[in-house]
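Letter by letter, the chains look like this.
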Amino acid sequence: MKRIFPLIIFLLVSAARAQGLPVITAISPELTSGNCLWFGWDIAGGDFNGDGIGDIAVASPRSDMSHPDPDSARLVCGRIDIYFGPLPPGDHDGISLPPDITIFGEHPGDQFGISIANAGDFDGDGCDDLLVGANVLDSKGGAYVFPGGSPFDTSPCVTFLGEALVDNFGYSVTGIGD
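Residues numbered from 1 in each chain as written. Predicted model: local features only at pLDDT ≥ 70, side-chain atom pairs only at ≥ 80, totals over all residues. Heavy atoms only, no water.

**Remarks on the packing of aromatic side chains**
Here the structure, examined in full by the defined rule, presents 3 aromatic pairs. Ring plane angle 65 degrees and centroid distance 5.6 Å describe the contact between Phe-112 and Tyr-144, whose orientation is recorded as edge-to-face. Linking Phe-112 in strand 7 (residues 112-120) with Tyr-144 in strand 9 (residues 142-146), this pair joins segments that are 32 residues apart in sequence. Accessibility expressed as a relative area gives 2% for Phe-112, which makes it buried. When its relative accessible area of 2% is taken as the criterion, Tyr-144 is described as buried. Ring centres of Tyr-144 and Phe-146 lie 6.1 Å apart, and the angle between their planes is 35 degrees; on these two criteria the pair is classed as tilted. Here the aromatic residues Phe-112, Tyr-144 and Phe-146 are joined through ring pairs into a cluster of three or more. (Phe/Tyr/Trp six-rings, centres within 6.5 Å; stacked < 30°, edge-to-face > 60°. Helix = DSSP H or I, 4+ residues; strand = E, 2+ residues; numbered from the N terminus. Buried < 20%, exposed > 50% of the residue type's maximum accessible area, 1.4 Å probe, protein only.)

Have a look at this one:
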């Protein structure tokens, strides 16, 4: 189902444009850091920067990150793009809005961002926190909690790890509330 979701969005947007209806806002990944594959695999909403306005986090678990050595291959680490609201309406002359923050996975092949969710206020600071799954982390899987706030912290405050090889821990995550 997750693989068909971007196609459904594309078809809905195409149908709206064909009928002359405006598309409110287009978002896209920032590509100077590497290719962004599976953009929109999972999406989460919440007030991640604590300003009282809704934000959107978009997962791309098969995305590249540039390696510091220019002669090296790109690292497929996965990524999360966060767009802080409000997103300005309009099509911006066909130019998509870049993300406010991009978080990359730690290791190649982890599939960081295979699942994401609003974790609620996990750390009790009044801001929504972001829960991110990486089902191939250390061949066991894992999940990270990123604390919301202003500024948004791109380092996890908690990391959960699977127990046995091929646990696939983190393949699916859901909000845990307050």
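**Considerations on the sheet that holds strand 9**
Strands sit in the order 7-8-9-10 across an open sheet of 4 strands; the sheet is antiparallel. On the outer flanks of this sheet lie strand 7 and strand 10 (158-161), each paired with one strand and no other. Each neighbouring strand pair of the sheet contributes to a mean axis angle of 20 degrees, computed without reference to strand direction. Across 5 bridges, the pairing between strand 8 (residues 129-134) and strand 9 is antiparallel. (Pairing = 2+ DSSP bridges. Axes fitted to C-alpha atoms, helices over the stretch in contact; angles between N-to-C directions.)

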